[in-house]
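# Examination of the molecular architecture
Each chain, written out:
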Amino acid sequence: DASVGSFTPYYGGKTMVTAKVPMGGELFKDYGDEWFLSREAMVGVVPTASECINMNQLLARFLRLPEALHALIHEFMLDELKPIYGVFKALPLDLEEARRAGMYGLGALHQHQARRAIDWLEEHGRCMDAIMAKRSTIPEAGRGAFARRPAKAGSVITGSPLIHITDEDHMDIPQLRFDPSNSKQLVLNYCFGHRDSTLLLCPYGSGVNYINHHKDRANVRIRWAKTGVIAHDDGWFHKEVLDMQKELNPILAFDYVAIRDIDAGEELLLDYGTEWEEAWHRHVQSWHPKPNWQQYIHWQDFDEMMPVLRTIRELADDPYPPNLDTRCHDYLLLTSSFGGIDFEWEESDGSYFLPVLGNWCKVLSRSQHGTTGKYTYEVSI
């Protein structure tokens, strides 16, 4: 159908709690050390996970020393060791906090700083669990957003901070050889813009991008959040787009408001506007399925049917479906100058990012280890 390819295949992912979170506690996710190390100019120096672990061990030993020496040793570590050794980046500046970290770990210092009173959250926050995703009631719309609880007309169902992209051209991607018609990133389908502006505003609140369009059945509208709510600041309405380019944090936010009473389990729908609807109808009228579309097989389904990569000789007699090909990690290309190198094969669910789409490659041969059953591939990039 005409909506194919217009929405993301990445859905159903779950976030699991790995530590006790107190009421009003902020939720954090481990992005990995590399995320911070590659952004020191932006976020400053942040201790790595290993440095925090080592500091926890060091401070536990620190507590065993005579208390009369604590202040002197703490001052020495700050003045003499912190500028030299990376592990001391994690050292608390305050002596009492260093002692507390020695007893309970560095995490104990930050958790109380990452809590908000319930009264504060009710005034400045928005519920994140108000929306549940299920298959939409609209044909060909994919998934939709459904109300988890009843909502009265005029009430705020949920909210979302906005990623501001100051130039729509940033959504351009190199044309792909297997599908030259794709020239924009998929996330563009979830952003708000105006024909007379280069600015894009892209919501990333929980579940809001599942809200589909229906002009007649719309039961939700969007409005600007109030200043102070989920990072929104009305002051940005009076600034230039170029000013936003310098701001890396969210500065604007939407509220999603019920325009009539909504029952629990009812699908939430927005009116995207006449211009969007007319553009969609033009797309439907001009759309034609891709050649050989009947042969399309999702890569996850194909992996279950064919758990090994085919060699070029096998492909000559039994080619892949036209939507699939063989690509190799960029790491192989970077190290190819060193000759033959063995890499441990890792299965993937496709949910992580690889630069562009990898490199086209050919599997020359395949062999299976007799004991482990694992395969070794010889590839040409």
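Residues numbered from 1 in each chain as written. Predicted model: local features only at pLDDT ≥ 70, side-chain atom pairs only at ≥ 80, totals over all residues. Heavy atoms only, no water.

## Here's the deal with the sheet that holds strand S6 (residues 220-224)
Spatially, S4-S3-S7-S6 is the arrangement adopted by the four strands of the open sheet, whose pairing is antiparallel. Both outer strands of the open sheet, strand S4 (200-203) and S6, are each paired with one neighbouring strand and no more. With direction set aside, neighbouring strand axes in the sheet form an average angle of 35°. In this structure, strand S3 (residues 156-165) lies alongside strand S7 (residues 253-258), joined through five bridges in antiparallel fashion. (Pairing = 2+ DSSP bridges. Helix = DSSP H or I, 4+ residues; strand = E, 2+ residues; numbered from the N terminus. Axes fitted to C-alpha atoms, helices over the stretch in contact; angles between N-to-C directions.)

## Regarding the sheet that holds strand S1 (residues 131-135)
Spatially, S1-S2-S8-S5 is the arrangement adopted by the four strands of the open sheet, whose pairing is mixed. Each edge of the open sheet carries a strand with a single partner, namely S1 and strand S5 (212-213).

## Observations regarding unusual backbone geometry
With phi around 40°, Ile 230 is a residue other than glycine that occupies positive phi space. Residue placement: Ile 230 occurs in the loop between S6 and helix H8 (241-245). Backbone geometry places Ala 231, a non-glycine residue, at a positive phi of 75°. Looking at the element boundaries, Ala 231 is found in the loop between S6 and H8.

## A few points about a nonpolar patch on the surface
A cluster of nonpolar residues, Met 23, Ile 118, Trp 120 and Leu 121, forms a patch on the protein surface that exposes about 370 Å² of accessible area. Within the secondary structure, Met 23 is located in the segment before helix H1 (33-37). Given a relative accessible area of 64%, Met 23 falls into the exposed group. (Patch = residues over 30% accessible without salt bridge, like charges linked within 9 Å, V, L, I, M, F, W, Y side chains within 5 Å. Areas by Shrake-Rupley, 256 points an atom, 1.4 Å probe, with all protein chains shown as cover. Salt bridge = Lys/Arg side-chain N within 4 Å of Asp/Glu carboxyl O. Buried < 20%, exposed > 50% of the residue type's maximum accessible area, 1.4 Å probe, protein only.)

## Comments concerning the nonpolar core
Among the nonpolar cores identified, the biggest contains 22 residues, and Ile 157, Val 220, Leu 252, Tyr 256, Ile 262 and Leu 268 are the most heavily contacted of them. Going through the elements one at a time, strand S2 (143-147), S3, S7 and strand S8 (267-270) are the ones with two or more residues in this core. Tallying contributions element by element places S7 first for this core, with three residues. The residues contacting Ile 157, other than those within four sequence positions of it, are Cys 127, Ala 130, Ala 151, Val 220, Tyr 256, Ala 258, Ile 262 and Leu 268. Among the nonpolar cores identified, the runner-up in size contains 14 residues, and Phe 62, Met 77, Leu 91 and Leu 95 belong to it. (Core = buried A, V, L, I, M, F, W, Y, C linked by side-chain atoms within 4.5 Å. Contact = heavy atoms within 4.5 Å.)

## Quick look at the side chain of Ser 136
Tracing the chain through its elements places Ser 136 in the loop between S1 and S2. A polar contact is formed between the side chain of Ser 136 and the backbone nitrogen of Ile 138, at a distance of 3.0 Å. For Ser 136, the residues in contact, after removing those within four places along its chain, are Ala 141, Gly 142, Arg 143, Gly 144, Phe 146, Asn 212 and Glu 267. (Polar contact = N/O pair within 3.5 Å; in protein donor to acceptor, adjacent residues only side chain to side chain.)

## Overview of the packing of aromatic side chains
The geometry of an aromatic ring pair comes down to the distance between the two centres and the angle between the two planes. All chains considered together, the criterion is met by eleven aromatic pairs. Taking 4.8 Å as the distance between ring centres and 80° as the angle between the ring planes, the aromatic pair formed by Tyr 272 and Trp 276 counts as edge-to-face. Residue classification places Tyr 272 among the partly exposed positions, given a relative accessible area of 34%. Given the relative accessible area of 36%, Trp 276 is considered partly exposed. An aromatic cluster is defined as three or more aromatic residues linked by ring pairs; in this entry it consists of Phe 192, Trp 224, Phe 237, Phe 254 and Tyr 256. When the ring centre of Phe 146 is taken as reference, the NZ or CZ atom of Lys 134 above it lies at 4.7 Å. The aromatic ring of Trp 360 is capped on one face by Arg 327, whose charged end is 3.7 Å from the ring centroid. (Phe/Tyr/Trp six-rings, centres within 6.5 Å; stacked < 30°, edge-to-face > 60°. Lys NZ or Arg CZ within 6 Å of the ring centre and 35° of its normal.)

## Topic: the pattern of salt bridges
The full count for this structure, using the stated rule, is ten salt bridges. Taking the shortest distance from any N to any O, the salt bridge between Arg 195 and Glu 275 comes out at 2.5 Å. On the criterion of sequence distance, the pair formed by Arg 195 in the loop between S3 and S4 and Glu 275 in helix H9 (residues 274-286) is long-range, its members being 80 residues apart. Take Glu 275: its relative accessible area is 46%, and that puts it in the partly exposed class. Across the salt bridge formed by Arg 310 and Asp 318, the nearest N and O atoms sit 3.3 Å from each other.

## Topic: helix H4 (residues 70-81)
The end-to-end C-alpha distance of H4, which contains twelve residues, comes to 15 Å, matching closely the 16 Å that a straight helix rising 1.5 Å per residue would cover. Buried within H4 are the following residues: His 70, His 74, Met 77, Leu 78 and Leu 81. Taken down its axis, H4 places every buried residue within 125° of arc, on the same side. Looking at the packing, one finds that the buried side of H4 touches helix H3 (49-62) and helix H5 (95-104). (Expected span 1.5 Å × (residues − 1). Arc of directions from axis to C-beta.)

## A word on the state of the cysteines
Disulfides are covalent bonds that link the sulfur atoms of two cysteine residues. Inspection of the entire model under this criterion finds two disulfides. Disulfide pairing is shown between Cys 191 and Cys 202; the S-S distance is 2.0 Å. With the S-S bond torsion at 100°, the cross-link from Cys 191 to Cys 202 turns out right-handed. Of this pair, Cys 191 sits in the loop between S3 and S4 while Cys 202 sits in strand S4, and the two are eleven residues apart along the sequence. Owing to a relative accessible area of 15%, Cys 191 belongs among the buried residues under this scheme. Paired by a disulfide, Cys 328 and Cys 361 hold their sulfur atoms 2.0 Å apart. Residues Cys 328 and Cys 361 share a disulfide whose torsion about the S-S bond is about 85°; that sign makes it right-handed. Of this pair, Cys 328 sits in strand S9 (residues 327-328) while Cys 361 sits in the loop between strand S10 (359-360) and strand S11 (362-368), and the two are 33 residues apart along the sequence. Described in terms of the sequence order of its bonded cysteines, the disulfide pattern of the chain is 1-2, 3-4. (Disulfide = S-S within 2.5 Å.)

Everything listed is a geometric property; what it means functionally is a separate question.
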